[in-house]
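Below are the chains, spelled out letter by letter.
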Amino acid sequence: MKYCAYIVLFILPFFGYSQQCDAVFLGEIRDFHDNTPIAGATVYIKNLDKYKASDENGKFKIENLCKGDITLVISHIGCETKTVTFTIDGDAFKTIELEHHIEELNEVSVKTTLAKKETTTAQETVIKSNVIRKYSNQSLGDALKEVPGVSSINTGNAIVKPMINGMHSSRLLILNNNVRLQDQEWGIEHAPNVDINSANQISVIKGSGALAYGGDAVGGVVVIKPAKTYLIDSLFGKTVFGGQTNGRGYNVSTSLNKSFTSGWFASIQGSIKQNGDFETPDYVLTNTGFKSNSVTLQAGKKTFESGFEVYYNYLFNEIGILRASHIGNIADLVTAINSQEPLVIEDFSYDINSPKQEVTHHLVKALYYKRFKNFGKLNLQYDYQNNQRFEYDIRVGDDRDKAALDLNLQTHTLMADVQLDANLKRKINFGILGRYQNNFANPDTGVRRLIPDYDKYDLGTYVTSEWELNDNTTIDAGLRYDFNRIDAKKFYQTSRWEERSYDEDFADLVIDDLGTQLLTNPVFDYHNLSAAAGISYEINTENSIIANYSLSSRPPNPSELFSDGLHHSAARIELGDLRLGQEISNRFSASYKLSKDSFNVLLEVFYNRINDFMYLRPTGIEQTIRGAFPVWEFEKTDAALYGVDLSANYTITDQVQWSNKSSYTKGDDINENIDLIDIPAFNTINTITYSNENWNSFSASLKSEWVFEQNNYPDFNFETFIATTDEMVLVDISTPPPAFHLLHFYSEATFNLCENTNLNIGLSVNNIFNTSYRAYLNRLRYFADDLGRNITLQLQLNY
């Protein structure tokens, strides 16, 4: 025992020395963005289960530390929570950087925030997720009509192309998760390849003020964003079930999202939709069924300082085209126009036969970003798209199952973008873009190819800036240059080539003379300059104004240059023009906003002068072996579009609200002194809504939609000889249909099933009184009425 005591006495001093805990850790918390100290940050010392707080200089002290590792969890309101580990082997001083402006910079979120706009001085409206969910069984074009000034040009009810202030197709840019859609958007009958259920927020920007997205947005930009990533450990999702009476259709959509505080995240979303033949109040619209399947996958890691994302989206649509719209020749078109009902009416069916479209779209994106201290953020992105389009006409014999149009479009895009935002009051953004595109028009269809094979090369660069002059005034400006080259291989009939005097102007394009046909190699280069400038001024807490000017330049699309053939379902021959050049748009806009507790108004006005505006118009009749067909040619003119959009909301009581959305657009052909074709008529929508949060968030609304008759239209009617009746008849393709008024009802309630699960039930009735009508901007208005009453029931389970 005596020896043991000696050993203990000998070891104790060394043991006490090895456990000596007298180290001091001095920390300093600074803003990564501008290096300013952050006061009031919470410092959780994980090893000791203790808390500290940073002082007014951003400093904190931890005393009596032992040697070893120490883990600190730093948090602050509006900052990304950060976990750091240090090795303690004596006194130490460390600087820890947090980003105090994370929400202002629109980065990853630590909490739910209000929707953030893409622009400062442009006319922009944000559609939030609670509105988007109402359109789960419909299309992007349907949802966008929530915005005043946005309408659509339709081919039936399943092909809905958005239209902003009278502009559509190639004049609109649509971005899906920061990828510009490349899906043969030049065609009026080509709907955007987007599943509305994959969107969490949609921004509609009128005009080309958002130069970072492109300089050719003569009409506007639509920005679709998926759900935001939250830096918390979470697993959540939603499933939507819907059914509707018109078309006897159903839709199912489900999504699941997983995120971690470390920044890792993953999500999956999928949708299935199917409808049979739709119906008007009086008859079945034969062969108007619709099938759609989509899948979206997303994964990556996002922190404030750096991150990456991989994204994949697949969409397949099979769309039936009204059987009665398939016209054999111009005599059939005359008969259809003069008939009160479609020439083909069959019993309801889910079958989709010719004429129809089958479209498959793949989108792949890879993104990496890195933020640099006291500098800004670098973004690098690559994306690839593959768009396969089949269009089937009614054919006989061995070709009955063969597509009449078979187009495959592949697009590769590489972008680099730098955001200089170390000074939040003066931001600068610049970038560069390169794109390669290949279009293959399959010659095995047995039909003359409407669009040829081509390679397209794009190179663009831009710089934008934003200055906050004071608390009330912000100005922004930008400049962009784009180079476009299109290199095509196209066969022309020798007679057509000479008829259009191409043999005089483009003789050098011929690379092979086959007698009745010429193989040509058109190569065109376009240099495009775009610019924008604007100001936002807050007069006081209730009144504000914005004004914006934008210059945009749009080169002709492949259809405008190269169209050459019979468009069967449209019953017309379409001809492009190799002489077409760029459209140049000068758009001026201004907005006034009044915001009070119970009443708010947004008034937007615009004037858009477009030089060398390209459009399609009838020019004559051509005889073919199938009969006589009208010829529509792409031409250019100088045009002016102007109008006003109004939205107003008034809170009558705490539970009753009234809203109005109205829009008027006028289009003038300045050279011809006539109206422009396909301009939406004046329309106004009034909605009265009752809501009661105490009744499971119950709400019910009655909507009145009034669309006036379009009295401002060009008279492109023409006469033709009908051999079967031996007479000249007027082909009235111009006169718009009468005005119409529709009533719609929508109601919803949300029931809490358990702590983190609720069920939203929505019921809607469109066209309550089953009114018969035809819309001016529906290309099938010559053949049939629009849809009758439709009752929809939708269940959304959030978990």
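Structure: see above.
This text gives an overview of the structure that appears in the document.

Rules used in this analysis
Residues numbered from 1 in each chain as written. Predicted model: local features only at pLDDT ≥ 70, side-chain atom pairs only at ≥ 80, totals over all residues. Heavy atoms only, no water. Helix = DSSP H or I, 4+ residues; strand = E, 2+ residues; numbered from the N terminus. Rg over C-alpha atoms; globule rule 2.2 N^0.38 Å. Buried < 20%, exposed > 50% of the residue type's maximum accessible area, 1.4 Å probe, protein only. Contact = heavy atoms within 4.5 Å. Pairing = 2+ DSSP bridges. Axes fitted to C-alpha atoms, helices over the stretch in contact; angles between N-to-C directions. Phe/Tyr/Trp six-rings, centres within 6.5 Å; stacked < 30°, edge-to-face > 60°. Lys NZ or Arg CZ within 6 Å of the ring centre and 35° of its normal. Arc of directions from axis to C-beta. Patch = residues over 30% accessible without salt bridge, like charges linked within 9 Å, V, L, I, M, F, W, Y side chains within 5 Å. Areas by Shrake-Rupley, 256 points an atom, 1.4 Å probe, with all protein chains shown as cover. Salt bridge = Lys/Arg side-chain N within 4 Å of Asp/Glu carboxyl O.

Within the chain, the regular secondary structure consists of 7 helices and 44 strands. In terms of overall size, the chain behaves like a compact globule, its C-alpha atoms giving a radius of gyration of 31 Å where 799 residues would be expected to give roughly 28 Å. On the principal axes, the C-alpha backbone points of the chain span a range of 130 × 65 × 60 Å. In the chain, which comprises 799 residues, the share counted as buried stands at 53%. Taking the contacts inside the chain whose residues are at least 6 apart along the sequence as the reference set, 65% of them involve residues at least 24 apart.

As for its position among the elements, Gly141 is in helix α3 (residues 140-144). As a C-alpha pair, Gly141 and Ser152 span 11 residues in sequence and 6.4 Å in three-dimensional space. Those residues within four positions of Gly141 in sequence are excluded, and the remaining contacts are Val160 and Pro162.

Ordered by their spatial adjacency, 4 strands build an open sheet running β3-β2-β5-β6, and the pairing between neighbours is antiparallel. Each having just a single partner strand, β3 (50-53) and β6 (82-88) make up the two edges of the open sheet. Looking at each pair of strands side by side, their axes are set apart by 25° on average, direction ignored. Both strand β5 (residues 68-75) and β6 contribute to a ladder of 7 bridges, which runs antiparallel. The partner of Thr71 across the bridge, within β6, is Thr85.

The next subject is the packing of aromatic side chains. With the rule as written, the count across this model stands at 25 aromatic pairs. Lys377 extends its terminal NZ or CZ atom over the ring of Tyr369, reaching a point 4.5 Å from the ring centre. Over the ring of Tyr492 we find Lys490; its NZ or CZ atom is 4.8 Å from the centre of that ring.

What follows is about the environment of Phe751. With respect to the helices and strands, the residue Phe751 is situated in strand β42 (residues 740-754). The exposure class assigned to Phe751 is partly exposed, which follows from its relative accessible area of 32%. Linking Phe751 and Ala507, residues 244 residues apart in sequence, is a C-alpha distance of 72 Å.

Further remarks concern helix α4 (residues 330-338). Within α4, burial applies to Ile330, Leu333, Val334 and Ala336. For α4, the buried positions fall inside an angular range of 165° around the axis, keeping them on one side.

Now for a nonpolar patch on the surface. Taken together, Ile535, Tyr537, Ile539, Ile545, Tyr592, Leu603, Val605, Val644 and Tyr664 make up a surface patch of nonpolar side chains, about 660 Å² in accessible area. Only β29 (523-538) and β34 (599-624) provide two or more residues apiece to the nonpolar patch. Take Tyr592: it is sitting in strand β33 (residues 583-595).

Quick look at the pairing of strand β12 (residues 172-176) now. Where a strand is regular, its side chains alternate between the two sheet faces. Within β12, 5 of the 5 residues are buried, which leaves it mostly tucked inside the rest of the structure. Burial of the side chains of β12 extends over both faces: Leu172, Ile174 and Asn176 are buried on one face and Leu173 and Leu175 on the other. Judged from the 5 bridges that link them, β12 and strand β15 (residues 220-225) form a sheet pairing that is parallel. Bridging from a neighbouring strand, Leu175 pairs with Val223 of β15. Bridging between β12 and strand β13 (residues 179-180) involves 2 bridges; their strand directions are antiparallel. The residue of β13 that forms the bridge with Leu175 is Arg180. Between β12 and β13, which follow one another and run antiparallel, lie 2 residues, and Asn177 among them has a positive phi close to 55°.

A few words now on the pattern of salt bridges. For the structure shown, the criterion picks out 39 salt bridges. Put simply, Lys206 and Asp645 hold a salt bridge, and the shortest N to O gap is 2.8 Å. Note that Lys206 is positioned in strand β14 (residues 201-206) and Asp645 in strand β35 (residues 627-651), a separation of 439 residues in sequence. When its relative accessible area of 3% is taken as the criterion, Lys206 is described as buried. Assessed through its relative accessible area of 2%, Asp645 is described here as buried. For the salt bridge of Arg449 with Asp453, the shortest nitrogen-to-oxygen distance reads 3.5 Å.

Spatially, the 3 strands line up as an open sheet ordered β9-β10-β11, and their pairing is antiparallel. Sheet topology places β9 (150-155) and β11 (167-168) at the edges, where each strand pairs with a single neighbour. Alignment of strand β10 (residues 159-164) against β11, held across 2 bridges, turns out to be antiparallel. Bridged to Ile164 within β11 is Met167.

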